[in-house]
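Report on the structure
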Amino acid sequence: MAKPEPTPTSDSPRPCARCKTNPATVKLRTESTCPTCFQSFTHNKAVKRLGLLRKELVGPREKRTCRYLAGLSFGPSSTALVQILDENLKYVRARANPNSPVAYELIVAHVDTDLRPHPAKGSNGDAQTNGSPATALLQRYREKFPEIDFRLIPLSSAFYISSIDWPSLPSTDPTLDPQSRMQSLFDALPSVTSKADILRLFLRRILLSFAVENSCEALLLGCTTTALAELTLAEVAKGRGFSVPWQINDGPFPLLGSEQGAPRSMQVYYPLRDVFRNEIHTYLRFADPSLSDIIVSNPPASADVVSHKDLSIEEAMVRYFESVEEGYPAVVANVVRTTGRLARAGMSGGGGGTACRLCGVAVDESGDARWKGEIGVGPEEDGGDSKLCYGCERSIRG
């Protein structure tokens, strides 16, 4: 007679729903798994997106090495992306045929948003200084991931992007040093939301420009499902809903002001787009070696907000989706999936169509005119023949 199976107790957890061997101590959506299977699930989600990217760039019979640029904010998601890319690169190199090119090589760049004055030149080829906190922190990333090429870019490098419509932005004193000049530009913006919005647009434009300068074929960003859902609603709230498919979905992003022979677009991919933010936090908990000493985490959002005066739209979306993800993760995923079904109207690979000279995305000319009419913006206030979309105009002018 067969012995009855023992009933699991709190001291004897159920086996992992995936490997059936290790004890299940981690909740993975609808399953209870072990940390190893949880790590594998998250890692494979990102690597799958990398496989799709390579298919976009390389033909079925072509064998060559692609070059990617990954953005690093020092936050949990971008740090997890770097760790996953590091592991995947080691795996790819170990399995590569000595006579065949490696699938891809990687540069990781951090844009330093610290606008305090620093000396003009730093070490390791960075455009910033050893006195910058970002320089010291990036050095610790180099120690954690010695096989990755890390770069540091100052926010003031945006001034060298000629395709940005600088006359539409607040005027600055050209005699100031770049850091002070950029600080004066942000001081002149009308609201917290404006500052956060322009900063995000500058970061994207800087990374795209850096990718082109370094012959990269794709820009990898560490946005999770949750972050993409937040960005979707934030962009709609700021009047830039027409651009959402361009900013949220994987695929080619138009490059403004491309010179003769230069690429007209850049592949922008979000390898963590199928992973929730809370899953990234769990993933990092079990990372080996530990990464907690190099991650700069934002303070947790508090539901008890006394005043919204200093709260940007982006911060409001973070607070909202923090509670939604915890109780209704499917709602968060549906926001991103729905966006994925929207067509990219107005431009094609940086070709025809009018593009905003700040965000770089197609302009919804009829929609912009209608929205301006509804809120009573006259031609003199609108700036006449503006080269910006409605959302960017609102960010600059308030």
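Just above, that's the structure.
A brief report on the enclosed structure follows. Quick caveat, the model's predicted, so the values are computed rather than measured.

Turning next to the overall build of the protein chain. Regarding its fold elements, the protein chain presents 13 helices and eight strands. Taking all 398 residues of the protein chain together, the buried fraction comes to 48%. In the protein chain, of all internal contacts separated by at least 6 residues, the share reaching a separation of at least 24 is 67%.

With twelve residues, helix α10 (residues 329-340) should reach 16 Å at 1.5 Å per residue; the first-to-last C-alpha distance of 17 Å fits that figure. All of the buried residues along α10 are Val332, Ala333, Val335, Val336 and Thr339. All buried residues of α10 project into a common sector of 150° when viewed along the axis, lining one side.

What follows concerns the state of the cysteines. Counted under the stated rule, the structure contains zero disulfides. Not engaged in a disulfide, the cysteine Cys389 finds its nearest cysteine sulfur in Cys392; these two sulfurs lie 3.6 Å apart.

Note on placement: Arg337 falls in helix α10. Owing to a relative accessible area of 48%, Arg337 belongs among the partly exposed residues under this scheme. The spatial distance from the C-alpha of Arg337 to the C-alpha of Thr225 is 9.4 Å, given a sequence separation of 112 residues. Among the polar contacts made by the side chain of Arg337, one reaches the side chain of Asn334 at a distance of 3.2 Å.

With that out of the way, let us pick up the nonpolar core. Counting 58 residues, the largest nonpolar core has Leu69, Phe186, Phe202 and Leu358 as its most contacted members. For this core, the element with the highest residue contribution is helix α5 (residues 192-213), accounting for eight residues. Contacts of Phe186, omitting those with residues within four sequence positions, involve Leu115, Leu155, Lys195, Ile198, Leu199 and Phe202. Judged by nonpolar contacts, the second largest core, of 43 residues, contains Phe41, Leu53, Ala80 and Ile295.

Here is what the cut-offs are and how they apply
Residues numbered from 1 in each chain as written. Predicted model: local features only at pLDDT ≥ 70, side-chain atom pairs only at ≥ 80, totals over all residues. Heavy atoms only, no water. Helix = DSSP H or I, 4+ residues; strand = E, 2+ residues; numbered from the N terminus. Buried < 20%, exposed > 50% of the residue type's maximum accessible area, 1.4 Å probe, protein only. Contact = heavy atoms within 4.5 Å. Expected span 1.5 Å × (residues − 1). Arc of directions from axis to C-beta. Disulfide = S-S within 2.5 Å. Polar contact = N/O pair within 3.5 Å; in protein donor to acceptor, adjacent residues only side chain to side chain. Core = buried A, V, L, I, M, F, W, Y, C linked by side-chain atoms within 4.5 Å.

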